[in-house]
Amino acid sequence: MIWWIVPAAVGFFGLVVTLAGFARMGKRKAMSGGVRFIGGILVLSAAALLTMVGINLQTYSRLNQERHVADIELQRVDDQHFRAEVTLDGETTPTDYVIRGDEVLFEARIIKWTPWANVIGYDAIYKLDRMSGRYTSIQDERTGERTLYALQNDPGVSAFNLINEHGKWQNTVDAYYGSGTYVPMIDGARYEIRITQSGLIARALNESAEDGLRRWASPTRGE
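Structural notes on the packing of aromatic side chains
The geometry of two aromatic rings is summed up by the distance between their centres and the angle between their planes.
So, point 1. Applying the stated criterion across every chain, the model contains two aromatic pairs.
So, point 2. On the basis of an interplanar angle of 90° and a centroid distance of 5.7 Å, the ring pair of Tyr182 and Trp216 is categorised as edge-to-face. Pair noted here: Tyr182 is in strand β8 (residues 173-184) and Trp216 is in the segment after α6 (207-214), with a separation of 34 residues, a long-range link.
So, point 3. We note Arg134 situated over the ring of Tyr182; from NZ or CZ to the ring centre the distance is 3.7 Å.

Below, the structure written as structure tokens:
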């Protein structure tokens, strides 16, 4: 709800100025009425932009403590070919994906506000962005079949891109960055994806996942 306070206030002010301009033009005060009318339209346009940014921010979730964001269960189809059932936080029905590779990677975008913005209720926010397959071998990574999925839509005006292009909104943003975590794909493995103040983490949910993490090998240098 807090994301709509500023757009609503700006929009109300713009509407008042626009109507005042109409009234003055009706009284044959074309010059002053025209100036107010144009000014009101500009303010309403600013309110519309803020509303679109607010719509985009609604796709992010507040991050004031460690939070669960997704569960994934893996089934091996063939070498470097897995079927994944992913259940995002707040959903009850999993979505099926086909993933190629040796590891599965989750990525998120995080926006962290400055302390004074925290005081008025703006906690750090995040959005689980995408999931993709990843190969352990660097050579396979260069030549293997890629699989990549968007996990959430990005409606409205992208707040992340707007911050990136136009600075930190008068010092309201402390930091904005991407975070990722990846784990080995093992037949029957189940993982929980969580997000903390420092970024995404993954935890094993069953013995297959724990065993896979213990036997997980890093790529050989120079591959």
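A word on the pattern of salt bridges
So, point 1. A full pass over the atoms with the stated rule returns 13 salt bridges.
So, point 2. Note that Glu73 and Arg190 form a salt bridge whose closest N and O atoms lie 3.9 Å from each other. Residue Glu73 is located in strand β2 (residues 67-78), and its partner Arg190 is located in strand β9 (residues 190-196); the two are separated by 117 residues in the primary sequence.
So, point 3. When its relative accessible area of 31% is taken as the criterion, Glu73 is described as partly exposed.
So, point 4. For the salt bridge of Arg83 with Asp96, the shortest nitrogen-to-oxygen distance reads 3.0 Å. With Arg83 in strand β3 (residues 81-88) and Asp96 in strand β4 (residues 95-100), the pair connects residues that are 13 residues apart, well separated along the chain.
So, point 5. Here the salt bridges share partners, and the residues they tie into one network are Arg83, Glu85 and Asp96.

Let's talk about the pairing of strand β6 (residues 124-134)
So, point 1. With nine of eleven residues buried, β6 lies mostly within the body of the structure.
So, point 2. The pairing of β6 with strand β7 (residues 148-150) spans three bridges and is classified as antiparallel. Across the sheet, the residue bridging to Met131 is Tyr149, located in β7.

Remarks on a nonpolar patch on the surface
So, point 1. Together, Tyr182, Leu213 and Trp216 line one region of the surface with nonpolar side chains, adding up to about 240 Å² of accessible area.
So, point 2. Looking at where Leu213 falls in the secondary structure, it is placed in helix α6.
So, point 3. The class for Leu213 is partly exposed, based on a relative accessible area of 33%.

What to know about the pairing of β4
So, point 1. Bridge count between β3 and β4: six bridges; the pairing is antiparallel. Bridge pairing in β4 links Arg83 to Val98.

Comments concerning the side chain of Glu103
So, point 1. Residue position: Glu103 is located in strand β5 (residues 103-113).
So, point 2. Owing to a relative accessible area of 2%, Glu103 belongs among the buried residues under this scheme.
So, point 3. A polar atom in the side chain of Glu103 sits 2.6 Å from the side chain of Arg134.
So, point 4. In this structure the side chain of Glu103 is engaged in a polar contact, spanning 2.7 Å, whose partner is the side chain of Thr136.
So, point 5. Beyond its immediate chain neighbours, meaning those up to four positions away, Glu103 contacts Ser132, Gly133, Arg134, Tyr135, Thr136, Tyr182, Val183, Pro184, Met185 and Trp216.

Parameters at a glance
Residues numbered from 1 in each chain as written. Predicted model: local features only at pLDDT ≥ 70, side-chain atom pairs only at ≥ 80, totals over all residues. Heavy atoms only, no water. Phe/Tyr/Trp six-rings, centres within 6.5 Å; stacked < 30°, edge-to-face > 60°. Helix = DSSP H or I, 4+ residues; strand = E, 2+ residues; numbered from the N terminus. Lys NZ or Arg CZ within 6 Å of the ring centre and 35° of its normal. Salt bridge = Lys/Arg side-chain N within 4 Å of Asp/Glu carboxyl O. Buried < 20%, exposed > 50% of the residue type's maximum accessible area, 1.4 Å probe, protein only. Pairing = 2+ DSSP bridges. Patch = residues over 30% accessible without salt bridge, like charges linked within 9 Å, V, L, I, M, F, W, Y side chains within 5 Å. Areas by Shrake-Rupley, 256 points an atom, 1.4 Å probe, with all protein chains shown as cover. Polar contact = N/O pair within 3.5 Å; in protein donor to acceptor, adjacent residues only side chain to side chain. Contact = heavy atoms within 4.5 Å.

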